[in-house]
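Residues per chain, in single letters:
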Amino acid sequence: MEAYKTWVRRNRDYVRQLSSLASGMTWLLPERFAASEIGPEAVSSVLGMVTTVNEHIIETTPTSVHTSSAETSFLPLSLCLTLLRDLETLIEVVAEQLYGEDKKWNLIVLTEAAKVCVRLAVFKTTGYKMLLQGGETENLENSDDLSPQESMGHSRKPIQNQGLGANHHQGLNSWNLEGRAMSALSSFGQNARTISEPTWLRRVQQHQAHLEPPTKVIRNPSLSTFLFEKGIRGGLFVTGESMFVLRPLIYVLLLRKYGTRSWFPWFISLAVDLIGNGILSAITMSQDGRKDQHFQFSKSEKDELKRRKLLWVLYLMRDPFFSKYTRRRLESTQKIVEPVPVVGFFAEKLIELLIGAQTRYTYMSGS
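Residues numbered from 1 in each chain as written. Predicted model: local features only at pLDDT ≥ 70, side-chain atom pairs only at ≥ 80, totals over all residues. Heavy atoms only, no water.

What follows deals with helix α10 (residues 299-310). The end-to-end C-alpha separation of α10 is 17 Å, in line with the 16 Å expected for 12 residues at 1.5 Å each. Those residues of α10 that sit buried are Glu301, Glu304, Leu305 and Arg308. Angular distribution of buried residues about the axis of α10 spans 100°; they occupy a single face of the element. Facing away from the buried side of α10 by over 90 degrees, the exposed positions are Lys299, Lys306 and Leu310. (Helix = DSSP H or I, 4+ residues; strand = E, 2+ residues; numbered from the N terminus. Expected span 1.5 Å × (residues − 1). Buried < 20%, exposed > 50% of the residue type's maximum accessible area, 1.4 Å probe, protein only. Arc of directions from axis to C-beta.)

Structure below.
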C-alpha cells in the first residue's frame, strides 16, 4: 500500500488526467441507463471510488518528516461520504434488478439514512461548522480566530500589567527571595533526577521529542455550549443545516410512500430546501448589516450557500415536473436542431443522456 501511495503522489498529474478521462468515458458505455445492466454502473462506481481514494492520497501528502506521522490510519468521515456517494447508484441499480421498481426504495432509504448519520457526525466533530460539499470537503476555516492585531494586543497585556505602582514593585521584591529559593530547590531536584536516569533513556526521550512535536489539541464545543455562545443565530444555523442534511431522507421516504408521480414529495422537498436556505441566508444578511462578531460565515461557507441554491435546478429534472414539462421542452428542442448536421447529432446524444440520467434517483437527488 505504501508503494502505491508513493507512486500516486509522484505521478499526481498523470493520475488525475487518467481518472478524468476514465470518468468521462463511462458516460459513453453502451446500455449505461438500461434497467437490466449492472455492469456499466459497477464500472462507473469502481472508477469513482478509485478516483476518490487517489485524491485522498494526494491531498494527504506529507510535507516534511514531522507531518508524516499526521496521516491517520482510519478513513475520515468526509472520505466515507464520498465513497458512499460513488457507490449509491450501483446500490440503486442492484436493488431495482433484485427487488423491482417499487421495493428498490427500501435500500435507497437505508443509503440515505447512512449518509444522514455520517453527515451529522461530521457536523458534530467539526464543532458545528457548515458542511461543505455536503460534508465531503473539510471545513478548516475558523472565523473565530483572532486577527493579528488582536493577537498582538493579547501579547501586550502582561507587559501593560507591570506598571501598577510602587506597592506592586514592593510585592515583587518581597517575593523574589522566596522565588529564588524555590527555583534553586527545583533546579537541584531536576538535576538530581537527570543524573539518576540512564543515558540511553535520556537519548530515547530526546529522540521521541524530536520526532513527535507537540500537537495542539482542539476540543470542539458541545451542542449546548455552541448554542449558548452563538445565541439565537446559532440555533437558527443548526436548524437550517439540519434541514439540509435531512431533506434527502425526507424526500426518499415520501417517494417510497407516494411514488414518483405524486406532487407531494416534490413540493415537500422543495419547501424544506427553501426554508433551510432561507434561514441561512437570513443569518448572512443580518451579519452584513450588524457585523455580529459572535457568528460569522467564511468565504467558503458563503460559496457553499450559493452551490446549494444552484442545486435547485435539479427540481426541473425530477418527476412529476420532468414528465409534464421538462421532457416536452427537451424533445421539442431536439426536433428543432435535428436538421443541423453536427449540432443535431450532439444535441440528440446530450438529450438522450439527460433523459437516461433522470431515471436514476441518485443522479437527481442532490444529496
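With that settled, consider the pattern of salt bridges. By the definition in use, this model includes 16 salt bridges. With a shortest N-O distance of 3.3 Å, lysine 104 and glutamate 92 are connected by a salt bridge. The same class applies to lysine 104 and to glutamate 92, which are both buried. Where arginine 247 meets aspartate 273, a salt bridge forms, and the shortest distance between an N and an O atom there is 3.7 Å. A residue pair is termed long-range when its members are at least 10 positions apart, and arginine 247 in helix α8 (residues 223-258) and aspartate 273 in helix α9 (residues 263-290) qualify at 26 residues. Residue aspartate 273 is classed as buried on the basis of its relative accessible area, which comes to 9%. (Salt bridge = Lys/Arg side-chain N within 4 Å of Asp/Glu carboxyl O.)

Attention now moves to unusual backbone geometry. Residue proline 320 is reached from aspartate 319 by a cis peptide bond, and omega for that bond is 5°. Positive phi, close to 60°, is recorded for tyrosine 128, a residue that is not glycine. One can find tyrosine 128 in the loop between α4 (77-125) and α5 (148-160). Classification of tyrosine 128 by relative accessible area gives buried; the value is 10%. Look at glutamine 133: it is not a glycine, yet its phi comes out positive at around 55°. As for its placement among the helices and strands, glutamine 133 is situated in the loop between α4 and α5.

This part is about the nonpolar core. Soluble, globular proteins show a tendency: their nonpolar side chains are buried together. With 28 residues, the main nonpolar core has Phe237, Val252, Leu280, Phe297 and Tyr361 as its most contacted residues. For this core, the elements supplying multiple residues, two or more each, are α4, α8 and α9. If one sorts the elements of this core by residue count, α8 sits on top with 10 residues. Other than its neighbours up to four places away in sequence, valine 252 contacts Trp105, Ile108, Val109, Glu112 and Tyr361. With 8 residues, the next largest nonpolar core counts Phe322, Leu330, Ile355 and Ala357 among its residues. (Core = buried A, V, L, I, M, F, W, Y, C linked by side-chain atoms within 4.5 Å. Contact = heavy atoms within 4.5 Å.)

As for its placement among the helices and strands, threonine 52 is situated in helix α3 (residues 39-59). In terms of polar contacts, threonine 52 uses its side chain to reach the side chain of aspartate 86, at 2.7 Å. Apart from residues lying up to four places away in sequence, threonine 52 is in contact with Leu79, Thr82, Leu83 and Asp86. (Polar contact = N/O pair within 3.5 Å; in protein donor to acceptor, adjacent residues only side chain to side chain.)

Moving on: the packing of helix α1 (residues 2-10) against α3. Between α1 and α3, the least distance of the axes is 9 Å, while the angle of their chain directions is 80°. Relative to α3, the element α1 is oriented roughly perpendicular. Contacts from Tyr4, Lys5, Val8 and Arg9 of α1 reach α3 at Val50, Asn54, Ile57 and Ile58. Here the residues of the contact of α1 with α3 sort into 5 nonpolar, 1 polar and 2 charged. (Axes fitted to C-alpha atoms, helices over the stretch in contact; angles between N-to-C directions. Parallel < 35°, antiparallel > 145°, perpendicular 65-115°, else oblique. Nonpolar A, V, L, I, M, F, W, Y, C, P; charged D, E, K, R; others polar.)

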